[in-house]
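Chains, contacts and geometry: an overview
Here is what each chain is made of, one letter per residue.
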Amino acid sequence: MAMEVTQILLNAQSVDGAVRKHAEDNLKQFQEQNLPSFLLSLAGELANEEKPAESRKLAGLILKNALDAKEQHRKYELVQRWLALDASVKAQIKNCLIKTLSSPSHDARSTASQVVAKVAGIELPQKQWPELIGTLLSNIQQLPAHTKQATLETLGYICEEVSPEAVEQAHVNQILTAVVQGMNSSEANNDVRLAATRALYNALGFAQANFSNDMERDYIMRVVCEATLSPEVKIRQAAFECLVAISSTYYEKLAPYIHDIFNITAKAVKEDEEPVALQAIEFWSSICDEEIDILEEYGSDFTGDSEVPCFYFIKQALPVLVPLLLETLLKQEEDQDQDEGAWNIAMAGGTCLGLVARTVGDDIVPLVMPFIELNITKPDWRQREAATYAFGSILEGPSPEKLVPLVNVALNFMLSALMKDPSNHVKDTTAWTLGRMFEFLHGSMLETPIITPANCQQIATVLLQSMKDVPNVAEKACGALYFLAQGYEDMGPSPSPLTPFFQDILQALYAVTRREDAGESRLRTAAYETLNEVVRCSTDETSPMVMQLVPHIMMELHHTLEAQKLSTDEREKQNELQGLLCGCLQVIIQKLGSSEATKYVFLQYADQMMGLFLRVFSCRSATAHEEAMLAIGALAYATGSGFEKYMSEFYRYLEMGLQNFEDYQVCAITVGVVGDLCRALEDKILPYCDGIMTQLLKDLSSNQLHRSVKPPIFSCFGDIALAIGENFEKYLTYAMPMLQSAAELSAHTSGADDDMTEYTNSLRNGILEAYSGIFQGFKGSLKTQLLMPYAPHILQFLDSLYMEKEMDDVVTKTAIGVLGDLADTLGSNAGPLIQQSISSKDFLNECLSSDDHMIKESAEWAKLAINRAIAI
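Residues numbered from 1 in each chain as written. Predicted model: local features only at pLDDT ≥ 70, side-chain atom pairs only at ≥ 80, totals over all residues. Heavy atoms only, no water.

What to know about the overall build of the protein chain
On a plain count of helices and strands, the protein chain comes out with 42 helices and 0 strands. Projected onto the principal axes, the alpha-carbon positions of the protein chain cover approximately 80 × 75 × 70 Å. The long-range fraction of contacts in the protein chain, counting pairs at least 24 apart against all pairs at least 6 apart in sequence, stands at 72%. Seen as two clouds, the 68 positive and the 117 negative side-chain charges of the protein chain have centres 4 Å apart. (Helix = DSSP H or I, 4+ residues; strand = E, 2+ residues; numbered from the N terminus. Contact = heavy atoms within 4.5 Å. Lys, Arg positive; Asp, Glu negative; His and termini not counted. Charge placed at Lys NZ, Arg CZ, Asp CG, Glu CD.)

Here it is in C-alpha cells:
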C-alpha cells in the first residue's frame, strides 16, 4: 500500500516556488484520495535509513500534523479520523515509528518521538496501544545510548500529551524509575541524562502518588539536586527547570529540602552561566507566587488544620535572599532598554524582588533601603540604576504607612534624575519607578497624598519634558503620566489638580503620537493609552479641550484610510495605527457623549465618524475591526435611537462580524455591539432581528466558533427580547431549546478544573441573562402565556444550580433575579410552580441573608414578586 514519496517530499522543500507548489498539491491530493496509503508512505519514509534526512524529517512532520491541530474542532476531526483507520494500517505505522526511535539519525529519532506521543495522546485515553509503555521501557534496557535518549524523549512527550488518568499507576512508577535512573550521575552519556531530565519535567504531573511517599520523594529530589551540579550546562538548566516546576506543583512537600535548595540556587545565581542562573532565580519567584496565592486566598488566619498551609519560606529566607537578589541588579546589559524582549539576570532579580515585597510586605523595606542609600548617588550608572530599580521594585506590597515617608523624600530626587542624569538607563528606570509610585501610592483612597498642589506642577512639567526624550524613556514617562491621571479618575466632578496643565498634557501626548520614532519601544501605543486615560479623567471644565482634539484624530484616521500601495510592513503599522485611533475615538465618544454639557455639540461629528469606522472594515485587520466595532457600540449608546439612520449601511458589517469565526474576538465584540444597539434602538431594531437571530443561532450550533463567544450570545438573546418585547415570540421555538440544552450541560460539572469552572459560570450567567431579558421583555404583554411551557424547566435549572453549590456571586445574583422575573411576568400562573420547586425557598432565604448587597437587593425584589404571585 505504501508508495514512493521521496521526490515529492524533497520538491516540497524546493527553493523554486512553482516546484514547491506542485509538490504540495500532489501531497494534498494523495492525502484526500487515499489516506491510509498516504500515512503509511510517510511512516515508511521516516523509518527508511536509506532515504535523505530532509525527506524523512518532512515525512514525520506531515504525519504529526495529520494527528493534531491547534483549533479544537479540527483536532477532534483528526482524532476521529485516526481512530477510524483500519487496525492493521495503524499497527504498521506504529511499528515504523517505534523502529525509527533506534535510528542513527538524530532528526529522524526526534521527529518519531513527537509522532509516537501524538498517537499515544489519541489512543491511550481510549485504552488502545496498551503495550506501548512496556515496549518503550524495554528499549531503555537496550544498549545503544541514542535509542535510550530517543525513548526517554518519547516518554517525556507522552507525559506532555496525555492526562495522568490515562496512564495506570504501575506504568507511572515504571516511567519515573526509568527517567530518574537516566538522570542519575552514574549515567555516562550526557544526551541520555539531558533527555531524562527533560522527561522528568513533563512527568512531574504524574508523580502525585510518588511525591506523597517520603522515600520516593527523597530519591527524586536527591537526583534532581545532583543534576543541578552536572558539568553540562544544558543538564543544569533542565534540572533547575524541574525544581521550578516542583516548587509550584508540590509546594507543600518542600520544607525538608528548602535549605539545601537555597544553597544550590544561591551558588548558581552567583557563579553559573546566565540560562542556569535565570532558572535559579525563577525558583524563588515561583515560591513567591505560591505564597502570595495562599495568603490572598486564606488571609493570614491559618488554623492548624488548614488544607494548604503557608510555610513562609520567603519570610525565613529574607535575610539571605534579599542581599542575593540585590547583587543581581548590578548585572545589567548595556542595551536592555531598547530591546523589548530582553530578559537577563538583573531583570529577573528585580522581578523576583518585587514578588518578595508582595509576599512579605513591610519586612522587606529595612533590608533594601541601605542598598538604595549606598548606591543612588554613585558615579557608576550601574549602581544608580540598580538602586532606582530596587526602590521601584518594592513599591507594591509594603503598607502606605511604611512607604509614603520614603517616597516623599525620594520624589524630588527622582524628578531631578529624570531631567539631569547623564545615563539613559537611569532615566528609563527612574520614569518607571515614578510610574510605580503613582500607581500604588496615589489616589483618593490614601490618607496622606504624595502629590499635592505644591508639587503637582513640577511633576507635570518634568513628565512632559521627559516625553521628548529618547523613545524608551519617553514611553516610561507616558506610563507615569497614565498612573498620575488614573489616580484622579474617581474624584468625581471636583476640579482635578491636573486641570491647569490639561491643555499642555493633551498637546504633548498628541505630539508624541506623531513623533517620527514613535514606532520604537511601543511609544505610540503608550502615548495613546495615556491620552485615553487623560480623556477619561477630564471634567466638564476641561471637556472643551477634548472636543478640540476630535477633528485632529478623525483627520489622522482619514489619512490612514487614504494611504495607497503600502508594503506588508507598512500596512501592518497602518492597521495598528487605525486600531489606536478608533480606540481613542471610542474613549472620547464615551466621555463627551455621556455628559449633557457636551453631548449635543459633540454629536455634530457623528456622521463623519460613522463614515470613517465603516471604511475601517474594508481594511484587513482583526485588531482595527475590533476597535472600530467597539467605537460604533459607544456611538450607538451615545446617539440612542438616532443611530437608526446608520443601520441600513452598518448592518452588513455587523453580519460580517457575527460570521467571523477565525478572529473570534471580533465575533465576541460584535455580539456585544448587538447588545448596545438593542439598548440604543429598542424596538427600532426589529427590522434587523431576523438576520441577527439567524446568525446568532448559527454561531451557537457551530463547532468552529471558540467557546468563549457562546455565553455573550446567550445574554444577547436577552438584550434582543428586552428591546423588541412580545415580538420575540417567533424566535422562542428556536432560542428556548438552545438555552435548555446549554442549561442542562452547564448544571452538572462538578470536579472540573478552575478554567472549566470559570467558563461554566460565565455560560450559566449568559443563559440566566437570556431568561431574564425574555421574561422582562414579555412583561405586561397578552402573550406571557407563551412562556408557561418553559417555566418548569427554568425552575429545575435554578434548583440544580442551587444543589450544585458551585455558583459564583455573579451567577447567584442573576439566578435569584430570574426567579423574581419569572414570578413577576407570569404572576399567579407561576405561584404553584414556585411552591413546588425543591429549593427556591431555601435559595431565596440564603440570598436574603447574603453579605453581598447586590445579591441581597436582587433577593428582596424577588421576594416581593414571589409573594405577589403566590398571594393572587
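Points about the pattern of salt bridges
This model, assessed by the stated rule, comprises 35 salt bridges. A salt bridge links Asp25 to Lys21; the nearest nitrogen and oxygen atoms lie 3.0 Å apart. In this pair, Asp25 and Lys21 are both assigned in helix H2 (residues 17–33), 4 residues apart and thus about one turn of the helix distant. In this structure, Lys783 and Glu729 form a salt bridge, with 2.6 Å as the shortest nitrogen-oxygen distance. With a gap of 54 residues between them, Lys783 in the loop between helix H37 (754–778) and helix H38 (791–804) and Glu729 in helix H36 (residues 729–747) connect regions that are remote in the sequence. Overall, the relative accessible area of 30% leaves Lys783 in the partly exposed class. Of the residues examined, Glu729 reaches a relative accessible area of 34% and is grouped as partly exposed. (Salt bridge = Lys/Arg side-chain N within 4 Å of Asp/Glu carboxyl O. Buried < 20%, exposed > 50% of the residue type's maximum accessible area, 1.4 Å probe, protein only.)

Re helix H39 (residues 809–826)
Here H39 contains 18 residues, and its C-alpha end-to-end distance of 26 Å stays within 8% of the 26 Å for a straight helix at 1.5 Å per residue. Within H39, 15 of the 18 residues are buried, which leaves the element mostly enclosed by the surrounding structure. Following H39 by one or two positions, Gly827 has its phi on the positive side, about 55°. (Expected span 1.5 Å × (residues − 1).)

Structural notes on unusual backbone geometry
One non-glycine residue with positive phi stands out, namely Arg522, at about 55°. As for its placement among the helices and strands, Arg522 is situated in the loop between helix H25 (502–513) and helix H26 (523–536). Look at Arg522 and you get partly exposed, because its relative accessible area is 34%. Even without a glycine there, the phi angle at Glu682 is positive, about 50°. Mapped onto the elements, Glu682 comes out in the loop between helix H33 (664–681) and helix H34 (686–701).

Concerning the side chain of Ser800
When you line up the elements, Ser800 lands in helix H38. Judged by relative accessible area, which is 16%, Ser800 ranks as buried. Of the polar contacts made by the side chain of Ser800, one reaches the backbone oxygen of Phe797; its length is 2.8 Å. In this structure Ser800 touches Ala747 and His748, once residues within four positions along its chain are discounted. (Polar contact = N/O pair within 3.5 Å; in protein donor to acceptor, adjacent residues only side chain to side chain.)

A short note on the packing of H34 against H36
When two helices pack together, their arrangement is captured by the angle between the axes and the distance separating the axes. Relative to each other, H34 and H36 sit at 20°, their axes nearing to 11 Å. Considering their axes alone, H34 and H36 lie roughly parallel with respect to each other. Once H34 is placed against H36, the crossing between them reads as left-handed. Residues Cys689, Asp690, Met693, Leu697, Leu700 and Ser701 of H34 lie in contact with H36, whose contacting residues are Lys730, Tyr731, Tyr734, Ala735 and Met738. In the contact of H34 with H36, the residues fall into 8 nonpolar, 1 polar and 2 charged. (Axes fitted to C-alpha atoms, helices over the stretch in contact; angles between N-to-C directions. Parallel < 35°, antiparallel > 145°, perpendicular 65-115°, else oblique. Left-handed = near helix turned anticlockwise from the far one by under 90°. Nonpolar A, V, L, I, M, F, W, Y, C, P; charged D, E, K, R; others polar.)

Description of the packing of helix H22 (residues 424–441) against helix H24 (residues 471–486)
Running from amino to carboxyl end, H22 crosses H24 at an angle of 10°, the nearest separation of the two axes being 8 Å. Considering the angle they form, H22 stands roughly parallel to H24. Along its contact with H22, which presents Asn424, Lys427, Asp428, Ala431, Trp432, Leu434, Gly435, Phe438 and Glu439, the element H24 presents Asn472, Val473, Lys476, Ala477, Ala480, Phe483 and Leu484. In terms of residue class, the contact of H22 with H24 is built from 9 nonpolar, 3 polar and 4 charged.

Some points on the side chain of Arg193
With respect to the helices and strands, the residue Arg193 is situated in helix H11 (residues 190–203). Engagement of the side chain of Arg193 in a polar contact is seen with the backbone oxygen of Met183, the distance being 2.7 Å. Discounting chain neighbours no more than four positions away, the residues touching Arg193 are Gly182, Met183, Asn184, Ser185, Glu187, Glu226, Ala227, Ser230 and Ile235.

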